[in-house]
Amino acid sequence: MKKIIPALKGLPGSKLRATLDPAKIPYETSDDIPDRNVYPKLQPRAIQALSLALEIKGNEHNLYVSGEPNMGRTYFVKSFLKPTASKAAPPCDWVYLYNFEDNDRPIAVSMPAGKGRKLKVAQHKAMAHIRQEIPARFEKDVFQNKHERIVKKYNTKREELFNKMDASAEKENFSLNLDDEGVLTLSPIVDGEVVSDKDFDKIKPAERKKLKAKGEELLAGVSSILRQINQNEMDLRDSENDLHRETAKAVMHDCFSQVSEKFKSIKGLPEYFEDLVNEVVENVDQFMPRDTSMAGLMPDGLPSGEDFFTRFEVNLFVDNGKTKGAPVVVEDHPTAFNLLGSIEREAEMGALYTDFTLIKAGSLHQANGGFLLLNMEDLLSNHVSWEGLLRALRAGQSRIEDPVDQEQVRARTIQPEPIDLDLKIVLIGSDEHYEVLLYNDDRFAKYFKLKAHLQHATARTADNIKNYISIIGQTARESKVLPLTREAIAGLVDFASRLVEDQKRLSLYIPLVRERMIEASALARMAGKTTVDIEALNEAVAAKDYRVNLYEEEFMTDYDRQVIKVATDGQAAGRANGLSVTLFGDYEFGLPHQISCTAGVGHGGILDLEREAQMGGPIHTKGMMIIKSYLVRLFAQDKPIVMTGSLCFEQSYAGIEGDSASGAELAALLSALSGAPINLSYAFTGAVSQSGAVMAVGGVNRKIEGFFEVCRRRKLTGRQGVILPADNVVNLMLKDEVVQAVEDGKFHIFPVKTIEEAMFILTGMRCGKPDRKGKYPTGTLYRMVDDRLAELVKLAVPGDKQHQC
């Protein structure tokens, strides 16, 4: 077998990953790292938007924080807002009060923080005292004496009127009788005796007629006196009611004036207190003791005394008495009730009822005067909440309503007075959600004018490494993990570069770094350690991969058993090793694939078998078209390309997408046309352009590690390696075992810029450059390809003008 020795030199181990020297970390452990707010330096765009949102008042410049999950979006926003919020004055309390003029429209009153609860307690105590004091006043001698004087006065007048009536009746020889029910009876007196109804019928008709007429005349005469008696009774009741109201007013002055005086400076309360006092005075009878023995005989529907006294309660709608600074509220479940508030109902005797005390605040009200954080995905799953939020922003007020479907029968409800809003809404979501809202809802752009775009990575500079170390220290303290040694801290910084797959950048997916930190701390505790060292960190990273790499292991078993045919040694024409990445859940791993090509006489052109089988995606198809364009540019300047060939991923039973294998496909095609064998010790990943440039691809670390693992299981020969685009060198953050194998000369990684460089490594042959006539030098790879294509033209059926690439 011909031994191919490439002239290009592979990358040294130092180029395969970025490493931070632990000696450069000035802290012994993470406990020694001081707290610093470094986010302004790591997320400048988002910080600028947040700062602007704090400065601009009004309800239009709300904020949309855009970023992917696992970036710590909510934590980032809270960390920024809390220092500012803590310095602000706490917002006002809100209470709902009974509307004595219209009980279906409760009154909303705002007051300084802490005053709401004080009002609630003070009014409750005062009304409880009043409920006891009013009946007690009615039992006191002062009240009884006044009442007796009133009764005596009216009884005297009543007796005078009765005497007058009696005198009028006696003068006409009639007896007058007024029973307890107020029925007046006149009976004639004959021979000094009162004639009964029975005896009245025995009197002669003429006499009886005369007596009856005389009685009617007398009754008409005393009717005016009777009306005076009835008026006297009414005056008595009015005087008693006046006395009751006077007593109640005195009680209110003694027991409630302290409350009204204490809170009179709050807008809306003086008028409310005046209405409350009038309500008590006008309904003083509700304060009188009730006969419980008659309770069961009362008809249904009459309000009880307990229901009556509910109107004097205070519904503490929003209590900021214990709030320090402006509130920062995160609503994790933004249903309509949780976000916008609700009017609850209670059941009694099978019927539902509500009142102003059952008005409940939502997170929109709890955050009023501060900041409300909402996850966009949760919010969009509750359409009523989204619509209600936009209505509140448009009106600048929150109107608490019962969400009722159009087909639902609307129950009787109340209409609370709206709450004025003064807060910033922070929506947290992805770029996709932002675009959907921006293009489909005009209101979104109107009320969310600021976008805080979180960047997923930052440059790996000396300053940013210091900032990142500060984040590691802060996260370690907040997560309550064991102290991290400086070696572990350096390992986490390097892990951040591996997450972003870039030697010159650091991942800002802080929660993923935090996960490894917590797991490493747990493993360190299990091992009886008091700190998290680099061994524990490496073990945590390996353990995470082990928990999720079952499918990768099954694939590797198939490679071991040669069920999946991929050669890692030897050479063959028309075959090349390509690399792909596969994602199962959140775990990505690389797998090598055998790419084969056949070429012969015909007019079929190059067939993409993946596309023909409807297993290739559009990007992969575009890569095949670029390959065809590359051949036309190099070899179809003086002749047509007439051939039949096919490219195929061997043993691929799933969809193929992406152009990262187009370089390996082109290598297999050039090998098949030239007959030059490809060294199968190498795998090739990279996209190719029409000019032959090898362009960067994604997932290079997992691809290299996947081919390395297959080679390692079959025993490293020292000749194996991976060819990758030179532009991807900066993306290398390979595992320690791969780096060590490269340093030991057991594995090689070659960066290339053109397909010609890759073909020289794969075949050991120079591709060659065309002369002035367009001919390639003898003995070069492209001369062999050009000669074969010319031969295929001659072998084609004569006279057939059709040609296809």
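Refer to the structure printed above.
Here's what I pulled together on the structure shown here. Everything numeric here is computed off the predicted structure, so don't read it as measured data.

### With respect to the overall build of the protein
- Looking only at helices and strands, the protein features 27 helices and 30 strands.
- Counting only residues that meet the buried cut, the protein has 46% of its 805 residues in that class.
- The long-range share in the protein, meaning contacts at least 24 apart out of those at least 6 apart in sequence, stands at 78%.
- As presented, the protein carries roughly 41,500 Å² of accessible surface, and 50% of it is formed by carbon and sulfur atoms.

### Some points on the packing of aromatic side chains
- Applying the stated criterion across every chain, the model contains 28 aromatic pairs.
- Ring geometry for tyrosine 39 versus phenylalanine 76: centroids 5.3 Å apart, planes at 75 degrees, classification edge-to-face. Here phenylalanine 76 lies in helix H3 (residues 73-87) and tyrosine 39 lies in helix H1 (residues 39-42), a separation of 37 residues in the sequence. Accessibility assignment for this pair places tyrosine 39 and phenylalanine 76 in one class, buried.
- Relative to phenylalanine 444, the ring of tyrosine 64 has its centre 5.7 Å away and its plane inclined at 85 degrees; by these criteria the two rings are edge-to-face. Separated by 380 residues along the polypeptide, tyrosine 64 in strand E1 (residues 63-66) and phenylalanine 444 in helix H15 (residues 442-447) bring together distant segments of the chain. Taken individually, tyrosine 64 and phenylalanine 444 each receive the classification buried, so the pair is uniform in this respect.
- One aromatic cluster in this structure is built from Tyr98, Phe100, Phe256, Tyr272, Phe273, Phe287, Phe308, Phe309, Phe312 and Phe356.
- Above the face of the phenylalanine 309 ring, arginine 131 is positioned so that its terminal group lies 3.7 Å from the ring centre.

### Topic: the packing of helix H23 (residues 662-674) against helix H27 (residues 781-795)
- Relative to each other, H23 and H27 sit at 65 degrees, their axes nearing to 8 Å. The orientation of H23 with respect to H27, classified from their angle, is roughly perpendicular. Every pair of crossing elements has a handedness; the one defined by H23 and H27 is left-handed. Contacts between H23 and H27 involve Leu670, Leu673 and Ser674 on the former and, on the latter, Leu781, Tyr782, Met784, Val785, Arg788, Leu789 and Leu792.
- Of the residues assigned to the contact of H23 with H27, the class counts are eight nonpolar, one polar and one charged.

### Here's the deal with empty space enclosed by the protein
- For the coordinates displayed, the defined rule picks out one cavity of 30 Å³ or more.
- Within this model, the largest cavity holds a volume of roughly 50 Å³.
- Around the largest cavity, the lining residues are Leu50, Ala53, Leu54, His61, Asn62, Leu63, Leu81, Phe371, Lys424, Ile425 and Val426.
- Those elements that place two or more of their residues in the lining of the largest cavity are helix H2 (44-55) and strand E16 (424-429).
- Taken together, the residues of the lining of the largest cavity break down into eight nonpolar, two polar and one charged.

### Considerations on the sheet that holds strand E13 (residues 371-375)
- Overall, parallel pairing links the five strands, which are arranged E8-E13-E16-E1-E17 in an open sheet. Edge strands, defined here as strands with exactly one partner in the open sheet, are strand E8 (328-331) and strand E17 (450-453). Direction aside, the axes of adjacent strands within the sheet are offset by 20 degrees on average.
- Where H2 meets the sheet, its contacts fall on E1, E13, E16 and E17, and the angle it forms with E17 comes to roughly 150 degrees.

### Some details on the pairing of E1
- Across the two faces of E1 the burial is the same, with Leu63 and Val65 and Tyr64 and Ser66 all buried.
- In the sheet, E1 pairs with E16 via four bridges, with the strands oriented parallel. The residue bridging tyrosine 64 from the neighbouring strand is leucine 427, located in E16.
- Relative to E17, E1 runs parallel, the two sharing four bridges.

### Quick word on helix H25 (residues 736-743)
- Listed as buried for H25 are Val738, Val739, Ala741 and Val742. Projection of H25 onto a plane perpendicular to its axis shows the buried side chains occupying an angular sector of 160 degrees, all on one side.
- On its buried face, H25 sits against helix H24 (700-713) and strand E30 (748-752).
- Downstream of H25 by one or two residues, glycine 745 has phi in the positive range, about 80 degrees.

### Section: the pattern of salt bridges
- For the structure shown, the criterion picks out 32 salt bridges.
- The residue glutamate 387 makes a salt bridge to arginine 443 at a minimum N-O spacing of 2.8 Å. A residue pair is termed long-range when its members are at least 10 positions apart, and glutamate 387 in helix H13 (residues 383-395) and arginine 443 in helix H15 qualify at 56 residues.
- On the accessibility criterion, arginine 443 (24% relative accessible area) is partly exposed.
- Put simply, Arg498, Asp545, Arg702, Glu705 and Lys735 are held in one network by salt bridges that share partners.

### Brief notes about the sheet that holds strand E7 (residues 315-318)
- Strand order in the open sheet formed by three strands is E3-E2-E7, with antiparallel pairing between adjacent strands. Among the strands making up the open sheet, the edge pair consists of strand E3 (107-111) and E7. Ignoring which end each strand starts from, the neighbouring axes of this sheet average 30 degrees apart.
- Note: strand E2 (residues 93-97) against E3, five bridges, orientation antiparallel. Counterpart to tryptophan 94 in the pairing with E3 is serine 110.
- Sitting on the sheet, helix H4 (residues 115-139) is in contact with E2, E3 and E7, with an inclination near 35 degrees to E2.

Rules behind the numbers
- Residues numbered from 1 in each chain as written.
- Predicted model: local features only at pLDDT ≥ 70, side-chain atom pairs only at ≥ 80, totals over all residues.
- Heavy atoms only, no water.
- Helix = DSSP H or I, 4+ residues; strand = E, 2+ residues; numbered from the N terminus.
- Buried < 20%, exposed > 50% of the residue type's maximum accessible area, 1.4 Å probe, protein only.
- Contact = heavy atoms within 4.5 Å.
- Areas by Shrake-Rupley, 256 points an atom, 1.4 Å probe, with all protein chains shown as cover.
- Phe/Tyr/Trp six-rings, centres within 6.5 Å; stacked < 30°, edge-to-face > 60°.
- Lys NZ or Arg CZ within 6 Å of the ring centre and 35° of its normal.
- Axes fitted to C-alpha atoms, helices over the stretch in contact; angles between N-to-C directions.
- Parallel < 35°, antiparallel > 145°, perpendicular 65-115°, else oblique.
- Left-handed = near helix turned anticlockwise from the far one by under 90°.
- Nonpolar A, V, L, I, M, F, W, Y, C, P; charged D, E, K, R; others polar.
- 1 Å grid on protein atoms, 1.4 Å probe; cavity = no way out; pocket = protein on both sides within 12 Å on 5 of 7 lines; lining within 4 Å.
- Points joined across faces, edges and corners; volume = space filled by probe spheres on them.
- Pairing = 2+ DSSP bridges.
- Arc of directions from axis to C-beta.
- Salt bridge = Lys/Arg side-chain N within 4 Å of Asp/Glu carboxyl O.

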